[in-house]
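Residues per chain are reported as follows:
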Amino acid sequence: ACTGIENIDEAITLLEQNNWDLVAAINGVIPQENGILQSEYGGETLHGPAYGPTTHSPAASSTPSSSSAFRHVVPSRQIVERQPRMLDFRVEYRDRNVDVVLEDSSTVGDIKHILENELQIPSSKMLLKGWKTGDVDDSTVLKTLHLPKNNSLYVLTPDLPPPSSSHSGALQESLNQNFMLIVTHREVQREYNLNFSGSSTIQEVKRNVYDLTSIPVRHQLWEGWPPSATDDSMTLAVSGLTFPCHRLTVGRRSSPVQTREQSEEQCTDVHMVSDSDGDDFEDATEFGVDDGEMFGVASSALRKSPMMPENAENEGDALLQFTAEFSSRYGDCHPVYFIGSLEAAFQEAFYGKARDRKLLAIYLHHDESVLTNVFCSQMLCAESIVSYLSQNFITWAWDMTKEANRARFLTMCTRHFGSVVAQTIRTQKTDQFPLFLIIMGKRSSNEVLNVIQGNTTVDELMMRLMAAMEIFSAQQQEDIKDEDEREARENVKREQDEAYRISLEADRAKREAQEREMAEQFRLEQIRKEQEEEREAIRLSLEQSLPPEPKEESTESVSKLRIRTPSGEFFERRFLASSKLQVVFDFVASKGYPWEEYKLLGTFPRRDVTQIDPNKSLLEVKLYPQETLFLEAKE
C-alpha cells in the first residue's frame, strides 16, 4: 500500500535486506532525500515501526487527513538521515575470485573500476554478468536493482585472447562436457537421471528439480554437493562434481520453524543455498509459522490429505482423488461427481437431445473456509439434495484451496463463462466458500443462473435448485419444441430427398437401358456388315475362280443351264459338259446364293441337285445339253 510493489518475491527480498524492519524497507524504496516517513497524525516523525493505532491530541485530530498514511517531509533538525546500505559482491574471473564491497548508491561502473585495478583488465573490455534483473549498463545505480546483501557475479572478456595455461583449457573443456546427475527424491524414494551441460548453474539444477518434485527451491534440503559448491550461481564445471556421473539426494525441509542462525548453520552443513525466486514463494511457512499456528487451527486438522493434487495435469485423475477424499471425509452419501474435464461435463449436460439435457452444477470446495465442513456434511450430503442433483443435474467439482488450482479454474471459467463470472468468483472471500454454481446451456453461450454461497441451509439450497430447475424446464420445453419442428422439417426434407433419389435412379436405369439397346443394335449392325463384307469377299473370290464361259461355236460339248432365283429372276450360263457339278455350285454362290444356304432343284424329275456328288460331271448327272433349275432356301 505504501510502495506500490505488487511482486511478492521482490517485497520479501527487500524485507530480508533490511532484516525484516518494515519502515527501513519502505524507506529504501520510496525515493526521497532523507529516507524518513512521517505520520499525518499530529505531524510526528516516525523513527520505528509505525503500525497499530497512533494516539494524538484532539487539536491534531481536527487537521484534515490525507488519502495516504504517510507523506514526504521537508528536512528538519528532527530528521535522522538513512545510513548507507553496503553490498557485498564476489566476482569470478577465470581462476580468480575478487571480493568487492560498495554502498548501494554506487554504480555498476564503480565495480568495474575496482576490478580493473584488481584484474589488470581495461573496464571497457569487461562484460559483468550474473545480474538477476538482466543485463545492466555502467551508469545503473545499484540501489535501483534491489539487490540482496550478498551477490555473485562473473566477468567475461570476449575481446581478449584466452590464457594459454592448461588450467584454462581444462575449465573450457569442463564447460563443454555434460554431467549426469542422479538425483534421489528422499520422500518418495525415486531417482531422476538429469543431463546438464557444464555451463549450467546449480540454481538451474534446483529449479529443474522443483519442476519434478514440486519442492520449492527455498525448501529443498540437499545432500551430496561438493564442499566447493558454495554458491547457487556457480557453474557445474567449477563446482567440483564428479564427472561424468554424480549422485545427489533432495528432500523437503522437515521443520518449518527455524531461527536465522539455525538456517544458516544448516546451509553450511548440507549446502542448502537458495536464492529467492518468484516460483518458490509459499505464504506462511516462509516466515517460519505453520498454517495451523497462524489461524489458530489444530495442526492435525490441517494435515489431512488435499482434496485435489496441486498442478494436476489430468482433470479426470484430479476428480477421482477429489471423489475419494470427499467420501473418506463425509461418507458415501454425496452427489455423483462427473469424472472428466469441464468441457466433457458441458458435452454431457448441454449437447445431447433436448429431452436428455440437464443443468450443470459446479461445486467449488475450499478447505480453509470455516463453512466447508458444515456445508458438505449437512447440506451437500443430505439425501434430498443428493437425490435431486442426481436426477436433474450433472455435478462437477473443483478444489480452490491451492492457488495453482484456483488460477486454473479461473482460466477455465473465463474461457467458458466470460470475464464477468470469473471476476465474481475471484472476488469471493475464503469464508464465502464453498460455492455452488448452477449453469444452463443455451444456443450461443452458457449462462450462470445462480451462485450459491456456503452460508445457506438445506431448505434454501433446495429452493434455489428448484428455482433454477423451473427456469431450465421452461427453456427445455422450448428447445424440445424447436427440436421436434426441426426434426419434422428434416424428415420432410429426407423424404423429398429420397423421392428425388429414386427418380434419379429410375431415370438413370432407363438411360442405361437405352444405351445398352443402342449398343446392342450397333453391335448387331457391325456383325451384319462384317458378314456382308465376308460374303461379298467370298462371292468375288468364287467369281474370279470360275472357268471362262465356253462360246456357242465351241467344238466341245456345251451344257446350257437356266437357273431361277427365289425372287423369280433368271440367269443363264454355258458350261462344258465335262465340267464338274461343283463349278455350277460356285457359279450360283457367286451370284449371292451359297449352297450352304440354298438348294438347287431339278424339274424333270424333281430332285435335289445339291445332294449329288459335286465331283461328277454335268454329263453324268444328266444336266446336258440344257436344263432349268430352281433355287430354294434351305429350312
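In this numbering scheme, every chain counts its residues from 1 along its sequence in written order. For a predicted model such as this one, the threshold for reporting local features is a pLDDT of at least 70, and the threshold for listing and counting side-chain atom pairs is 80 or more; totals across whole chains, interfaces and linings nevertheless cover every residue. Side-chain numbers come from the whole structure's heavy atoms, not from hydrogens or water.

In the annotation of an unreviewed UniProt entry, the protein chain is listed under the name FAF1 factor and assigned to Oreotrochilus melanogaster.

Novice: So what's going on with the overall build of the protein chain? Residues and values would help.
Specialist: In DSSP terms, a helix is any run of H or I states spanning at least four residues, a strand is any run of E spanning at least two, and both are numbered starting from the N terminus. In terms of regular secondary structure, the protein chain is built from 17 helices and 19 strands. Residue contacts follow a heavy-atom distance rule, with two residues in contact if any of their heavy atoms lie within 4.5 Å. A separation threshold of at least 6 residues defines the contact pool for the protein chain, and within that pool the share at least 24 residues apart is 65%. Per-residue and other accessible areas follow the Shrake-Rupley method at a 1.4 Å probe size, with only the shown protein chains counted as cover for residues. Of the roughly 37300 Å² of accessible surface on the protein chain, a fraction of 50% belongs to carbon and sulfur atoms.

Novice: If you had to explain a nonpolar patch on the surface to someone new, which residues and values would you point to?
Specialist: In this scheme, patches are assembled from residues that exceed 30% relative accessible area and form no salt bridge. Like charges are connected within 9 Å, while nonpolar side chains (Val, Leu, Ile, Met, Phe, Trp, Tyr) are connected within 5 Å. Here, a salt bridge means any side-chain nitrogen of Lys or Arg that lies within 4 Å of a carboxyl oxygen of Asp or Glu. Together, L127, Y154 and L156 give the surface a local cluster of nonpolar side chains, amounting to about 250 Å² of exposed area. Mapped onto the secondary structure, L156 falls in strand β6 (residues 150-156).

Novice: Pulling in residues and values, what's your account of the environment of F436?
Specialist: The residue F436 is located in strand β13 (residues 435-441) in this model. Considered as a pair, F436 and L465 are 29 residues apart in the sequence and their alpha carbons are 10.0 Å apart.

Novice: Explain the side chain of E325 to me, and be specific about the residues and the numbers.
Specialist: Along the polypeptide, E325 turns up in helix α10 (residues 315-330). What makes E325 buried here is its relative accessible area of 14%. If sequence neighbours within four positions are ignored, E325 has contacts with S305, P306 and M307. Buried, partly exposed and exposed residues are distinguished by accessible area as a fraction of the type maximum, computed with a 1.4 Å probe on protein chains only: under 20%, between the cut-offs, and over 50%, respectively.

Novice: I'd like a rundown of the packing of aromatic side chains, residues and numbers included.
Specialist: Under the pairing criterion, centres of Phe, Tyr and Trp rings, with the six-membered ring standing for Trp, must be within 6.5 Å; the plane angle then separates stacked pairs below 30 degrees from edge-to-face pairs above 60, leaving the rest tilted. With the rule as written, the count across this model stands at 20 aromatic pairs. Between F89 and W131 the ring centres are 6.1 Å apart and the planes differ by 65°, which places this aromatic pair in the edge-to-face class. Of the two residues, F89 sits in strand β3 (residues 86-93) while W131 sits in the loop between β5 (127-129) and β6, which places them 42 residues apart along the sequence. What makes W131 buried here is its relative accessible area of 8%. Between Y593 and Y598, the ring centres sit 5.1 Å apart and the planes meet at 80°, which makes this aromatic pair edge-to-face.

Novice: An account of the packing of helix α11 (residues 342-350) against helix α14 (residues 403-417) is needed here, citing residue identities and associated values.
Specialist: Axes, fitted as lines to C-alpha atoms, cover a helix only where it is in contact. Angles between the N-to-C directions of the axes lie from 0 to 180 degrees. It is the contact of α11 with α14, at a shortest axis distance of 11 Å, that shows an interaxial angle of 40°. Of the possible angle classes, the one that applies to α11 and α14 is oblique. Residues L342, E343 and F346 of α11 form the contact with α14, whose participating residues are M412, R415, H416 and F417. For the contact of α11 with α14, the residue count by class is 4 nonpolar, 1 polar and 2 charged. An angle counts as roughly parallel when it lies under 35 degrees, as roughly antiparallel when it exceeds 145, as roughly perpendicular when it falls between 65 and 115, and as oblique in every other case. Residue type decides the class: Asp, Glu, Lys and Arg count as charged, Ala, Val, Leu, Ile, Met, Phe, Trp, Tyr, Cys and Pro as nonpolar, and the leftover types, Gly among them, as polar.

Novice: Before we move on, could you go through empty space enclosed by the protein and cite the residues and values that matter?
Specialist: Buried and open spaces are told apart on a 1 Å grid over the protein atoms alone, a cavity being a set of points where a 1.4 Å probe fits but cannot get out and a pocket being an open set with protein on both sides within 12 Å along at least five of seven lines. Residues with an atom within 4 Å of a point are the lining residues. Grid points are joined across faces, edges and corners, and a volume is the space filled by probe spheres set on the points. Scanning the entire structure with this criterion turns up 3 cavities of 30 Å³ or more. Considered as a void within the structure, the largest cavity measures approximately 120 Å³ in volume. L14, Q17, G28, R85 and D104 are the residues nearest the centre of the largest cavity, which is lined by 13 residues in total. Elements with a minimum of two residues in the lining of the largest cavity: α1 (8-17) and α2 (22-29). No other element matches the 4 residues that α2 contributes to the lining of the largest cavity. Of the residues that constitute the lining of the largest cavity, the class distribution is 5 nonpolar, 4 polar and 4 charged. For the lining of the largest cavity, the domains that each give at least three residues are domain 1 (1-29) and domain 2 (84-154). By volume, the second largest cavity is sized at about 60 Å³. Residue lining of the second largest cavity: A349, F350, R357, K358, G441, F472, Q475 and D479, and that is the complete set. Per-element tally for the lining of the second largest cavity: the top contributor is helix α16 (residues 458-545), with 3 residues. Residues of the lining of the second largest cavity, tallied by class, amount to 3 nonpolar, 2 polar and 3 charged. Note that the domain bounds were set by an automatic or database domain assignment.

Novice: Can you lay out the pattern of salt bridges for me, pointing to particular residues and giving the numbers?
Specialist: This model, assessed by the stated rule, comprises 30 salt bridges. For E460, the salt bridge goes to R464, with nearest N and O atoms at 3.9 Å. Here the residue E460 and the residue R464 both occupy positions in helix α16, the gap between them amounting to 4 residues, near one helical turn. Note on R464: relative accessible area 24%, which makes it partly exposed. Salt-bridge contacts for K493 lead to D497; the nearest nitrogen and oxygen are separated by 3.2 Å. Residue K493 and its partner D497 are both found in helix α16; the two are separated by 4 residues, about one turn of the helix. Residue class for D497 comes out partly exposed when judged on its relative accessible area of 40%.

Novice: Tell me about the sheet that holds strand β9 (residues 220-223), residues and numbers included.
Specialist: Strands sit in the order β8-β7-β10-β9 across an open sheet of 4 strands; the sheet is mixed. The outermost strands of the open sheet, each flanked by one partner alone, are β8 (190-197) and β9. Between one strand and the next, the sheet's axes are offset by a mean angle of 30°, whatever the strand orientation. Only when DSSP finds a minimum of two bridges between them are two strands counted as paired. For strand β7 (residues 178-185) and β8, the ladder comprises 8 bridges, and the chain directions are antiparallel. For M180, the partnering residue across the bridge sits in β8 and is N195.

Novice: Break down helix α17 (residues 581-590) for me, citing the residues and quoting the values.
Specialist: Among the 10 residues in α17, 9 count as buried, and that is most of the element. Considering only its buried residues, α17 is in contact with α16, β15 (558-564), β16 (570-576), β17 (598-602) and β19 (626-633). The first or second residue beyond α17 is G592, which carries a positive phi of 100°.

Novice: So what's going on with the sheet that holds β16? Which residues, and what values?
Specialist: Hydrogen bonds along the backbone pair up the strands of a sheet, which may run parallel or antiparallel. Reading across the sheet, the 5 strands line up as β16-β15-β19-β17-β18 and stay open at both edges, with mixed pairing between neighbours. Since the sheet does not close on itself, it has two edges, and those belong to β16 and β18 (607-608), each with one partner. Strand direction decides the pairing type here: β15 and β19, joined by 5 bridges, are parallel. Bridge assignment links L561 to a residue of β19, and that residue is E627.

Novice: So what's going on with the pairing of β15? Which residues, and what values?
Specialist: In terms of strand pairing, β15 meets β16 through 7 bridges, oriented antiparallel. Looking at β16, one finds that R564 is bridged to F570. Counted along the chain from β15 to the antiparallel partner β16, the turn is 5 residues long, and its residue G568 has a positive phi close to 100°.

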